[in-house]
There are 2 protein chains.
Amino acid sequence: MTDSVETVDVSLRKAVDDSYRITVGPALLERAAGLLQDRKLPKRVAIVSDTGVYPLYGQTLRRALEAGGYEVAAEAVFEAGEASKTRTTKAWIEDRLLDARLGRDAWIAALGGGVVGDMAGFVAATYLRGIPFVQFPTTLLAMVDSSVGGKTGLDTPHGKNLVGAFWQPRAVIADVGLLGSLPADQFLAGLAESVKHAVIADAELFAFMRVEWERILARDPGVLQVLVARNCAIKARVVEQDEREGDLRKILNYGHTLGHAVETAADYAELHGMCVALGMIYEGRLAERLGLWSSGERQEVEAFLRQAGYPAVDTLAADSEILIRLTQADKKAREGKVEYVLPQRLGAMHRGERGYGVRVDDAEVLAVLREIRGR
Amino acid sequence: MTDSVETVDVSLRKAVDDSYRITVGPALLERAAGLLQDRKLPKRVAIVSDTGVYPLYGQTLRRALEAGGYEVAAEAVFEAGEASKTRTTKAWIEDRLLDARLGRDAWIAALGGGVVGDMAGFVAATYLRGIPFVQFPTTLLAMVDSSVGGKTGLDTPHGKNLVGAFWQPRAVIADVGLLGSLPADQFLAGLAESVKHAVIADAELFAFMRVEWERILARDPGVLQVLVARNCAIKARVVEQDEREGDLRKILNYGHTLGHAVETAADYAELHGMCVALGMIYEGRLAERLGLWSSGERQEVEAFLRQAGYPAVDTLAADSEILIRLTQADKKAREGKVEYVLPQRLGAMHRGERGYGVRVDDAEVLAVLREIRGR
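Before going into details, it helps to say that this report is about the structure given with it. The model shown is predicted, which means the values in this text are computed figures rather than measured ones. (Residues numbered from 1 in each chain as written. Chains lettered and ligands numbered in written order. Predicted model: local features only at pLDDT ≥ 70, side-chain atom pairs only at ≥ 80, totals over all residues. Heavy atoms only, no water.)

Take the nonpolar core next. Core analysis: the largest hydrophobic core is formed by 82 residues, its most contacted members being Ile22, Leu191, Met209, Ile216, Val228 and Tyr310 of chain B. Aside from chain neighbours lying at most four places away, what touches Ile216 of chain B is Phe187, Leu191, Met209, Val223, Leu224 and Leu227 of chain B. With 81 residues, the next largest nonpolar core counts Ala236, Val239 and Met349 of chain A together with Leu12 of chain B among its residues. (Core = buried A, V, L, I, M, F, W, Y, C linked by side-chain atoms within 4.5 Å. Buried < 20%, exposed > 50% of the residue type's maximum accessible area, 1.4 Å probe, protein only. Contact = heavy atoms within 4.5 Å.)

See the structure below:
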């Protein structure tokens, strides 16, 4: 008898529906309550925001929610900036919610850019083992990228986004009217992710951006509405097919492997989007060198990026070998070779036998970097 | 145009299969690798344990995993005890895993009692946004209760289990041979949850425990195997039907509302299981007073608990009013009235119009407490 075992099978098969709606338009903060009506959110809500955004839009959102019958039971406003994306900030936000005796019948309104969305989403994912949250992105980067996809998390001294959860928002409300107050460099940086979406999945979006560039920079609400919605749709289609980082979702990393190396070498003093733009230039050249992408299209994208005002080359003193070393620390490195996703043509990424990831010898990358950077 | 909005629907409907197997038997640690063979776990593993358990069984598990081809890339052994269930310990464990460069292609082996399972599971839920974990419970309480169900989390100064996640293990391996080393009071405390399972769902289990009580206390491996497996099956059936705390899962809280009040009043100096046993006695009387449970069955269970060696009444100096006040802080309080789950007959809980929760006036509870406690 003592050698036999007993087994109990726990059967947890289920159908999950985490679907949600992204609404894009002007003056949406004021209409928040109406837009959330069918989302079955509880009455009590906590607003999580940062010191850059809350003074501008906090009261607007608060009043809109209260007018719609919600009770704003807590507000947690932390210091703006990536440096706040820590365990300490998470604990501080949680304690504000606990102080207010927020129970499971409550939700979180995340009002801000990527850092606020990541932090508020992660708090929502683990507060009392999970409560709903809604994204109110206030930067272009958050609207076209980070508020869609369900990735939440924080940085640790070991690196970025190392602790977190996949937790989908109940809704994303992108008020393009808020983009008027965004500093020019942040706005341009956010547009880099839009160019990325165009290159990886939507040649028409690329044409649209080229034609409408002046009106985009002038922050014409009508054009921004179209632009943001189109970007959300691209990201949504990718996330729908690959929610938890299987293969397809990798294409969203275009420009990010070398971009992230530049960002790290610059000690995060450069805006993420600017580094991604550089990464797209470098990785585009790599795609051409490997014979995956035509020289003509590669040049077309690069020329557009330069005209748009992105730097054509980083200003780091670091030798290219250093950037190579930084790519090796990348989460995406496999068996010593670093994995890239590379364009095949404008709007479509190369897909090999193993999927979208292309393992590239460091020597090839080094050659490209030395050619562009001259060091 | 500026008054119109654009919407993008993100469709995230999917079928999820979080099913897993619980294996119960003697000498299972040594056979861990074989038992995990079909679980598709990656090669690299981190063992998370505490200073009470690791010295006894850590090396056995480590050797068994290594013999099966796994690479034990990290070990995180924290100070034993509920006081370790903190954000600080979570961060410390994560940093050990990050130091060892553990990537997403890794899993966590949780070796210990409830605290280890809760902490290791919560780390697994959020490390790089989630990696697999396996429970190796070493206490009776963990085997019959906390290792099954997917609840993970930690305590904060505001209270217990306030931050956490639902994260299902890939497998639970309950080696009943380990129970031989458990202190007698911990063993008895763990059995309280087994009595609870019997009362809420399984009259036959109650009969079995009564008949086999001596052999249970003697820790006969064959009897313990049957006992643990039966308890896991009960918990599994409840969790299968109600994974995330809808209605049915409430029945697992029998004895826990007043039990938790006693535990809090005693400042956690009493073992959880002992408080639950007291809670079952108090709440059993409440069920009788409210006309839900027959006096005969209520007395039968109470007599068994007393003979089994559980205290019949708490030794707290606190007036019963204080216990009432502590129940009001309970997560389960609704609109001022505290919600209880109460037996209808041995093996079946009362279910009303609103479900299993019964909202009870404080005056009724106070009357019961004063009758038993005389203060």
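A separate point is unusual backbone geometry. All names here are of chain B. The backbone phi angle of Lys40 is positive, close to 55°, even though this residue is not glycine. Take Lys40: it is sitting in the loop between α1 (32–36) and β4 (44–50). Positive phi, normally seen in glycine, also occurs at Asp267, with a value near 55°. Residue Asp267 is classed as exposed on the basis of its relative accessible area, which comes to 63%. (Helix = DSSP H or I, 4+ residues; strand = E, 2+ residues; numbered from the N terminus.)

This next bit is on the sheet that holds strand β4 (residues 44–50) of chain A. Here 7 strands make up an open sheet; going across it, the order is β5(A)-β4(A)-β6(A)-β7(A)-β10(A)-β3(A)-β1(B) and the pairing mixed. Unpaired on one side and paired on the other, β5 (71–78) of chain A together with β1 (6–10) of chain B mark the two borders of the sheet. Neighbour to neighbour, the strand axes of the sheet diverge by 15° on average, direction disregarded. Taken together, the 7 bridges between β4 of chain A and β5 of chain A define a ladder with parallel strand orientation. If you follow Arg44 of chain A over to β5 of chain A, its bridge partner there is Glu71 of chain A. The strands touched by helix α2 (residues 54–67) of chain A within the sheet are β4, β5, β6 (106–112) and β7 (133–137) of chain A, with β4 of chain A carrying the most contacts at an inclination of about 170°. (Pairing = 2+ DSSP bridges. Axes fitted to C-alpha atoms, helices over the stretch in contact; angles between N-to-C directions.)

Spatially, the 7 strands line up as an open sheet ordered β1(A)-β3(B)-β10(B)-β7(B)-β6(B)-β4(B)-β5(B), and their pairing is mixed. At either end of the open sheet lies a strand with only one pairing partner, and these are β1 (6–10) of chain A together with β5 (71–78) of chain B. Each neighbouring strand pair of the sheet contributes to a mean axis angle of 15°, computed without reference to strand direction. Looking at chain direction, strand β7 (residues 133–137) of chain B and strand β10 (residues 171–175) of chain B are connected through 2 bridges and run parallel. Of the residues in β10 of chain B, the one forming a bridge with Val134 of chain B is Ala171 of chain B. Against the sheet, helix α4 (residues 114–126) of chain B engages β4, β5, β6 (106–112) and β7 of chain B, with an angle of about 165° to β6 of chain B. Docked against the sheet, helix α8 (residues 221–241) of chain B engages β1 of chain A together with β3 (20–25) and β10 of chain B, running at close to 5° with respect to β1 of chain A.

This paragraph deals with the relation of the copies chain A and chain B. After a rotation of 180° and a shift along the axis of 0.0 Å, chain A superposes on chain B with an RMSD of 0.0 Å. What the superposition gives is, in effect, a two-fold axis relating one chain to the other. Taking the C-alpha atom as reference, chain A places Ala15 of chain A closest to the rotation axis, 2.2 Å from it. By residue overlap, the copies meet face to face through one surface: 100% of the interface positions of chain A are interface positions in chain B. (Least-squares fit on C-alpha atoms with pLDDT ≥ 70 in both.)

A word on the packing of helix α12 (residues 320–328) of chain A against helix α13 (residues 362–373) of chain A. Residues and elements named next belong to chain A. Where α12 contacts α13, the axes come no closer than 9 Å and their chain directions differ by 140°. Classified by the angle between their axes, α12 and α13 sit oblique to one another. Considering how the two elements wind past one another, α12 and α13 form a crossing that is right-handed. Across from Ser320, Glu321, Leu323, Ile324 and Gln328 in α12, the residues of α13 making contact are Asp362, Val365, Leu366, Leu369, Arg370 and Arg373. Each residue belonging to the contact of α12 with α13 can be placed in one class, and the counts come to 5 nonpolar, 2 polar and 4 charged. (Parallel < 35°, antiparallel > 145°, perpendicular 65-115°, else oblique. Left-handed = near helix turned anticlockwise from the far one by under 90°. Nonpolar A, V, L, I, M, F, W, Y, C, P; charged D, E, K, R; others polar.)

With the rule as written, the count across this model stands at 80 salt bridges over all chains. The residue Arg230 of chain A makes a salt bridge to Asp202 of chain A at a minimum N-O spacing of 2.8 Å. Remark: Asp202 of chain A occurs in the loop between α6 (184–201) and α7 (203–217) and Arg230 of chain A occurs in helix α8 (residues 221–241); sequence separation between them is 28 residues. Residue classification places Asp202 of chain A among the buried residues on the basis of a relative accessible area of 11%. The partner of Glu82 of chain B in a salt bridge is Lys160 of chain B, and the shortest N-O contact between them spans 3.7 Å. (Salt bridge = Lys/Arg side-chain N within 4 Å of Asp/Glu carboxyl O.)

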